[in-house]
Structure formats: C-alpha cells, structure tokens
There are 2 protein chains.
Amino acid sequence: MEVKVVKNILEANEVIASQSRTLFAEKGIYVLNLMGSPGAGKTTLLEQAIEHLKDKNRIAVIEGDIATSRDAERIAHHAIPAVQINTGGACHLDGNMVRGVLKEFDLNQIDLLIVENVGNLVCPAEFNIGENDKVMIISVTEGDDKPQKYPLMFQVSTVLLLNKIDLLPYLDFDMERFQGDALKVNPRLKIMAISCKTGEGLDTWFEWIKDKVSTKDR
Amino acid sequence: MEVKVVKNILEANEVIASQSRTLFAEKGIYVLNLMGSPGAGKTTLLEQAIEHLKDKNRIAVIEGDIATSRDAERIAHHAIPAVQINTGGACHLDGNMVRGVLKEFDLNQIDLLIVENVGNLVCPAEFNIGENDKVMIISVTEGDDKPQKYPLMFQVSTVLLLNKIDLLPYLDFDMERFQGDALKVNPRLKIMAISCKTGEGLDTWFEWIKDKVSTKDR
C-alpha cells in the first residue's frame, strides 16, 4: 500500500518535470540539478562556477533547503537572480516545487539554470525536476565506501565531483576503490577530482558546463 | 493532499514505534537510534563503542542501509548479534522495519540495542522506531552552518557527537558558532566533541551510554 502511494507521487512528479523540461528546451535553457550530502560543498562550488561563468553566460540559481534562505543570499551576492525554496520538512526538491518558482525568473534572459538540491545523498536522486543533467558532489571525507551504499545517486548522475581532495593526506581514502566502485554502479559516470579550497580540478568542470550550455545536442 | 498522506504514514509509524517501546521496556533493553549523514562516522563510532562496552553489557545492533550488508558484517566481526535492514529505496528506517527484525534476536539476552539509521541528516529524524534516545553524529567537515539548515535532527536528538575534530586544523570551522546555533535549536542538547581516529572525547560518550543502560530512569 505504501509503495503504491510512493509510486503515484513519482508518476505525478514525472508529468510536471517533463512539462518543465519542454519549457526549458523552448527557452534554450540548460538546467543542471546539483545534489550531494550536507557539507559536500555544493554552495561553495556554485559560487565558484558563477564567478567563472557569469561574464559569458546568463546564469540563474534555485536554492533548495529545509530551512533558511542563507544559501540564496550567498548566491545573490554574485549579482545573479536567485530564488530560495524552503521545503519545510521535505528532504528533496520535486518537479512541482521547481515549477512553482519559475515565475520568479525572466526565462528569456537565462542560458544556464543551476538548481542546488537539499543536502541529501538519497531522495533527491528519485525526483526529476526537468533538468538536463544531474551532477553529484561528494567530499573525500565522506569515505570511499559510498558508491555501493548509496547507488541510486551514482546511477542517475552524469558527473561526479569528488571534492575536498586537499584533505586526502589526512584521511584513509582509497581512491582506486572509490572510482572502481562508482564506475561499477554507473560505467558512464564522468568523475572529476576537485578542491574548491585550492581550485584544483575546477577548470575541467567549468569546461564541461560551458560545453553543455553552448551545445544544442543535450 | 500529499501532506495528508505523509501525516497518516507518520501516525501509523507512531503506533508501531510505541508498541516496540513497550516491548523494550518490558525486556529492560535500552535502545539508541544513531543518525547522521553518509560518512559522518556512524559505523566506526559503533565499532569503538562495542569494543569498549561489550564486556559489561550485552549489546545487539540493527544496521540500516539502502543497499549492501557491509555494515552488519563489520559489526558481526565484533562477535555480537547484528541484523542488516536493506531499505531498498527508503532513506530512513521506520518503526515497522525495526519491528520486523526483532524476531531475529533473543530479547532476553540484550541490555543495549543500537540502531544505526540510514545515512541522512533529514528523514530519519521524523520516524520514531521505539528508541529511548536519538543520538546524532556530524563531522566537522560538514560545516558549521548545519544546525540552522537541518534543524529537526538537532531538535529531536539528546546527544550531538561532533566527530573528526582531528581535522579541525585543516578546516574553516567556527566551533563557537556551531555550538551556539545547535543550542539555539535545542537548548538541552548535550554536545560532545570527539575523534574516532585519535580517540579524543570518546570516554565521555562511553560513560553517557553506560549511565543510560544502568539507570532505570530513562
């Protein structure tokens, strides 16, 4: 019985998400759904991407959080349109929540919409929001055993950003095991090792976004 | 409509959780629900608690994970009864899942049952499982802004274990801000700073459990 409820919610979500997807395609907006645990570094990554990309791309951001508008305020300092969704108790964004705030933007003035999901390595992976790609960020401090334990997030993501590699000298993190397990779960996953603190690896990630925004073949 | 579904699920859960709570009280078992993000250090903490406490306490463990039985295998190496719940897609344990595996244990031979929840800083906080106390573990690498952004977990917990303090020299983590914000959300929260790597602070935590297990006033 409970499973049925969940299935219906997911089906209803899919209808709304594909309406949004059609709208984004009409407006020529590339949409990225950024997911990861609390503290993985989502907002910091986003701030750095904005600084690097905003001169040549018209960027907008939707921030998802249980509570507070702190992240949207951080983003708004970069002088780009940002809207905060507070989910109340919900541990993920869904298609309806994202759809509901689109009226806050002028969609004709956006090339790249980045949606920062609620900090959670589980549920956000289940709910499409109309994005072109899902990108997950995970920090090396979370441990090298995560691909097998939280497989869905790895399966649905196009890119995996492995963050905080500046901390590797102080951790027991088996890079080979982590990458091997991640690719077993999703052989097409693009893995990029980065540090938002030192800037290492970020250029590869910025280039990937630029390619996606400029190409018509999404 | 959706809210109503969620409310009914929570009410049904509460009925089952309080049946379990009554059963645990009859058997004299102290039950602890251990929650935190993926990679916060739940299983490592649990292994160290088991090694420290198992001579004088009869311990059993329930492991919650989306997939794999890796954590229960880690626990079983310590020669105590351990059962793995694989939730499939679900991002938290609920009262029914825990109730369903109790038949795997001899409840007359247990003083302390520790339930390690699915790695998630959000949903596990919503579902009682019949525990006496909820304990959350968060690592300093997750950032000092978490109490305001994920308030429910902090509100429902009796103890907050702040883990990986050995990494503090390499991070920008404002301890005063974190503790202040956590206590604003829950003034009765007991905060213990620990490192499972160096052992710092663990004695305070072990003593807290021992007191709970031995006292009748829970």
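Residues numbered from 1 in each chain as written. Chains lettered and ligands numbered in written order. Predicted model: local features only at pLDDT ≥ 70, side-chain atom pairs only at ≥ 80, totals over all residues. Heavy atoms only, no water.

**A short note on the overall build of chain A**
Okay, step 1: Scanning chain A from N- to C-terminus turns up 8 helices and 7 strands.
Okay, step 2: For chain A, whose C-alpha radius of gyration is 17 Å, the value lies close to the compact-globule estimate of 17 Å for 218 residues.
Okay, step 3: When the backbone C-alpha atoms are referred to their principal axes, chain A occupies close to 50 × 45 × 35 Å.
Okay, step 4: Out of the 218 residues in chain A, the part that is buried amounts to 56%.
Okay, step 5: In chain A, the proportion of contacts linking residues at least 24 apart, taken out of those at least 6 apart, comes to 72%.
Okay, step 6: Counting only carbon and sulfur atoms, one obtains 51% of the accessible surface of chain A, whose full area is about 9100 Å². (Helix = DSSP H or I, 4+ residues; strand = E, 2+ residues; numbered from the N terminus. Rg over C-alpha atoms; globule rule 2.2 N^0.38 Å. Buried < 20%, exposed > 50% of the residue type's maximum accessible area, 1.4 Å probe, protein only. Contact = heavy atoms within 4.5 Å. Areas by Shrake-Rupley, 256 points an atom, 1.4 Å probe, with all protein chains shown as cover.)

**So, the interface of chain A and chain B**
Okay, step 1: Facing 37 residues of chain A, the contacting portion of chain B comprises 38 residues.
Okay, step 2: Summing both partners gives a buried area of about 3000 Å² for chain A against chain B, and 53% of it is carried by carbon and sulfur.
Okay, step 3: When the buried area of chain A at its contact with chain B is split by residue, Pro38, Arg70 and Lys149 of chain A rank highest and sum to 21% of it.
Okay, step 4: Remark: the boundary between chain A and chain B carries 6 salt bridges.
Okay, step 5: A salt bridge links Asp65 of chain B to Lys149 of chain A; the shortest N-O distance between them is 3.9 Å.
Okay, step 6: Where chain A touches chain B, the interface holds 11 residue pairs in polar contact (both at pLDDT 80 or more).
Okay, step 7: Its residues placed into classes, the side of chain A that touches chain B shows 15 nonpolar, 8 polar and 14 charged. (Buried area = accessible area lost by both parts, 1.4 Å probe. Salt bridge = Lys/Arg side-chain N within 4 Å of Asp/Glu carboxyl O. Polar contact = N/O pair within 3.5 Å; in protein donor to acceptor, adjacent residues only side chain to side chain. Nonpolar A, V, L, I, M, F, W, Y, C, P; charged D, E, K, R; others polar.)

**Let's talk about the state of the cysteines**
Okay, step 1: Taken as a whole and assessed by the stated rule, the structure comprises 0 disulfides over all chains.
Okay, step 2: Here Cys91 of chain B stays unpaired: no disulfide links it, and the sulfur of Cys123 of chain A, its closest cysteine neighbor, is 3.0 Å away. (Disulfide = S-S within 2.5 Å.)

**A short note on the nonpolar core**
Here is a general trend for soluble globular proteins: nonpolar side chains tend to be buried in one another's company.
Okay, step 1: Ile138, Phe154 and Leu160 of chain A together with Ile138, Phe154 and Leu160 of chain B are the most contacted members of the largest nonpolar core, which totals 48 residues.
Okay, step 2: Mapped by element, the contributors of at least two residues to this core are strand S5 (133-139), helix H6 (151-156), strand S6 (159-163) and helix H7 (175-185) of chain A together with strand S5 (133-139), helix H6 (151-156), strand S6 (159-163) and helix H7 (175-185) of chain B.
Okay, step 3: What Phe154 of chain A contacts, discounting residues up to four positions off in sequence, is Met136, Ile138, Lys146, Pro147, Leu160, Phe178, Ala182, Val185, Asn186 and Leu189 of chain A. (Core = buried A, V, L, I, M, F, W, Y, C linked by side-chain atoms within 4.5 Å.)

**A short note on the pattern of salt bridges**
Okay, step 1: On inspection of all chains with the given rule, the structure shows 30 salt bridges over all chains.
Okay, step 2: Note that Lys149 of chain B and Asp71 of chain A form a salt bridge whose closest N and O atoms lie 2.8 Å from each other. With Lys149 of chain B in helix H5 (residues 146-149) and Asp71 of chain A in helix H3 (residues 70-76), this pair bridges two chains. Each member of the pair Lys149 of chain B and Asp71 of chain A is classed as buried.
Okay, step 3: What you see here is one network of salt bridges that share partners, running through Asp65 and Asp71 of chain A together with Asp145, Lys146 and Lys149 of chain B.

**Overview of the side chain of Lys164 of chain B**
Okay, step 1: As for its placement among the helices and strands, Lys164 of chain B is situated in the loop between S6 and H7.
Okay, step 2: Buried and without a salt bridge, Lys164 of chain B has Glu142 of chain B as its closest oppositely charged side chain, separated by 6.6 Å.
Okay, step 3: Within polar-contact distance, the side chain of Lys164 of chain B engages the backbone oxygen of Thr141 of chain A at 2.6 Å.
Okay, step 4: Beyond its immediate chain neighbours, meaning those up to four positions away, Lys164 of chain B contacts Thr141 of chain A together with Gly39, Ala40, Ser139, Val140, Ile194 and Ser195 of chain B. (Lys, Arg positive; Asp, Glu negative; His and termini not counted.)

**Observations concerning H7 of chain B**
Residues and elements named next belong to chain B.
Okay, step 1: Along H7, the residues that are buried comprise Phe178, Asp181 and Ala182. Burial along H7 is one-sided: seen end-on, the buried residues are contained in an arc of 100°. In H7, the exposed residues that point more than 90 degrees away from the buried face are Glu176 and Lys184. (Arc of directions from axis to C-beta.)

**Describing the environment of Glu131 of chain A**
All names here are of chain A.
Okay, step 1: With respect to the helices and strands, Glu131 occurs in the loop between strand S4 (112-116) and S5.
Okay, step 2: On the basis of relative accessibility, which here comes to 4%, the residue Glu131 falls in the buried class.
Okay, step 3: Sequence spacing of Glu131 and Ile110 is 21 residues, and the spatial spacing of their C-alpha atoms is 14 Å.
Okay, step 4: Setting aside its immediate chain neighbours within four residues, Glu131 contacts Arg21, Val31 and Asn33.

**Observations concerning the sheet that holds strand S1 (residues 30-35) of chain A**
Residues and elements named next belong to chain A.
Okay, step 1: With respect to topology, 7 strands assemble into an open sheet ordered S3-S2-S4-S1-S5-S6-S7, the strand pairing being parallel. Single-partner strands in this sheet number two, and they are strand S3 (82-86) and strand S7 (190-193). Each adjacent strand pair in this sheet contributes to an overall mean axis angle of 20°, direction not counted.
Okay, step 2: Relative to S6, S5 is paired through 5 bridges, and the arrangement is parallel. What sits directly across from Val135, in S6, is Val159.
Okay, step 3: Across the sheet, helix H2 (residues 42-53) lies against S1, strand S2 (59-65), S4, S5 and S6, angled at about 175° from S2, the strand it touches most.
Okay, step 4: Lying over the sheet, H7 contacts S5, S6 and S7, oriented at roughly 160° with respect to S6. (Pairing = 2+ DSSP bridges. Axes fitted to C-alpha atoms, helices over the stretch in contact; angles between N-to-C directions.)

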